[in-house]
Amino acid sequence: MGAITDVPGIRVGHEQKTGDGWLTGVTVVLPPPGTVGSVDVRGGGPGTHETDALDPTTLVSTVDAVVLTGGSAYGLVSAHGAQRWCEENGRGFAVTGGVVPIVPAAAIFDLGRGGDFSARPTADMGYAATVAAAAEKDGHDVGRGSVGAGTGAMIGRGQFKGGVGTASVTLENGVVVGALAVVNALGFPVVLPGNPEPSARSVVPPLDARFRVPDSPSADAGPPALNTTLVVVATNALLDVAECYRTASAAHAGLARALNPSHTLADGDTVFCLATGEVALDRSTETARQVSLITLQSAAADVVRLAILDGISGSPISG
């Protein structure tokens with residue numbers, strides 16, 4: 001199924017704490033310098049930091065790191081740790097006297113899941129996750145399941161474990177598209193079992209008792225306070241900020257294919273897109289440009305679906 005790190009230059013680091021009231025963590029996606037990025041926030045309950053800076057109409061086009069974190073709005077402080085590492089390493093938007101690292105972040109709600117509501121990610125945890133990412137080699141394996149920001153993740157109204165998943169695809173033109181997801185959704189995973197009719201969509205568990213969260217609510221209970229699926233899509237294609245934004249938007253289709261329901265009022269569903277710019281798309285004609293972008297964006301939706309299904313701990317779903 002591959003991983004987001006199949007995109008050359010993309011590295012991922014995790015930091016987590018468990019026990020003594022803790023069940024949370026941070027995941028950092030560290031792209032190579034000069035990577036262009038944007039974001040599309042679709043959920044009704046988002047927790048984000050610096051996402052406005054990724055709008056195609058704003059000044060800055062590049063992204064120095066993306067932080068995915070537990071701890072809801074409190075956990076967004078972990079982005080400060082990633083920003084500190086970037087500053088120490090001279091990465092950021094150049095200004096008089098130094099640099100200002102562009103480090104957007106998004107959070108899932110996992111407060112209190114380890115027993116202590118105040119046990120939430122810190123700036124030091126964000127720094128540690130960034131150090132871990134920077135220490136990895138190109139193409140490294142990515143930790144999956146209950147690691148990093150997925151440590152305290154749950155799905156299905158809090159009944160089953162969620163977690164971190166990843167996937168990738170390589171297109172005929174050499175473009176690699178990868179995705180990393182942190183799955184903490186209100187919904188359940190779904191598959192299309194071969195019948196092309198949308199009505200054939202079916203809910204999957206084989207999520208059995210081995211993966212049920214102790215003392216979790218029943219399926220008939222109301223939804224928990226907040227949920228979220230966070231995604232980073234990365235590609236080695238040469239894209240501008242507007243094209244990254246459109247790719248992030250298209251990738252949300254993969255989220256909707258993987259989870260039922262998705263994009264609810266109680267979810268903070270957010271997709272980032274990073275483009276490292278190594279492979280130029282065919283832009284020889286307007287038709288060629290459109291076909292290239294549509295093909296890439298369709299692939300983004302596909303790998304997001306696979307990454308989400310990969311991130312559901314214990315689920316025997318494959319691509």
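Below, the structure is looked at part by part.

### Let's talk about the pairing of strand β15 (residues 228-237)
- Of all the 10 residues making up β15, 10 are buried; the element is thus mostly covered by neighbouring parts of the structure.
- Burial of the side chains of β15 extends over both faces: T228, L230, V232, A234 and N236 are buried on one face and T229, V231, V233, T235 and A237 on the other.
- Two elements, β15 and strand β17 (residues 270-279), share 7 bridges in a ladder whose sense is parallel. The residue of β17 that forms the bridge with V232 is F272.

### Re the pattern of salt bridges
- Inspection of the entire model under this criterion finds 8 salt bridges.
- A salt bridge links D40 to R42, with the shortest nitrogen-to-oxygen separation between them at 2.9 Å.
- The partner of D124 in a salt bridge is R84, and the shortest N-O contact between them spans 3.3 Å. Taken together, the residues span a long stretch of sequence, with D124 in helix α3 (residues 123-135) and R84 in helix α2 (residues 78-88) at a distance of 40 residues.
- Through salt bridges with shared partners, a single ionic network connects E243, R283, E286 and R289.

### Concerning the packing of aromatic side chains
- Enumeration according to the criterion identifies 2 aromatic pairs in this entry.
- Where F160 meets F188, the ring centres are 6.2 Å apart and the plane angle is 65 degrees; that geometry is what we call edge-to-face. Linking F160 in strand β10 (residues 160-161) with F188 in strand β13 (residues 188-191), this pair joins segments that are 28 residues apart in sequence. Neither residue differs from the other here; F160 and F188 are each classed as buried.
- Looking at K17, its charged tip hangs above the ring of W22, at a distance of 4.6 Å from the centre.
- Looking at R120, its charged tip hangs above the ring of Y74, at a distance of 3.7 Å from the centre.

What counts and what doesn't
Residues numbered from 1 in each chain as written. Predicted model: local features only at pLDDT ≥ 70, side-chain atom pairs only at ≥ 80, totals over all residues. Heavy atoms only, no water. Buried < 20%, exposed > 50% of the residue type's maximum accessible area, 1.4 Å probe, protein only. Helix = DSSP H or I, 4+ residues; strand = E, 2+ residues; numbered from the N terminus. Pairing = 2+ DSSP bridges. Salt bridge = Lys/Arg side-chain N within 4 Å of Asp/Glu carboxyl O. Phe/Tyr/Trp six-rings, centres within 6.5 Å; stacked < 30°, edge-to-face > 60°. Lys NZ or Arg CZ within 6 Å of the ring centre and 35° of its normal.

That's the geometry; what it means functionally is another story.
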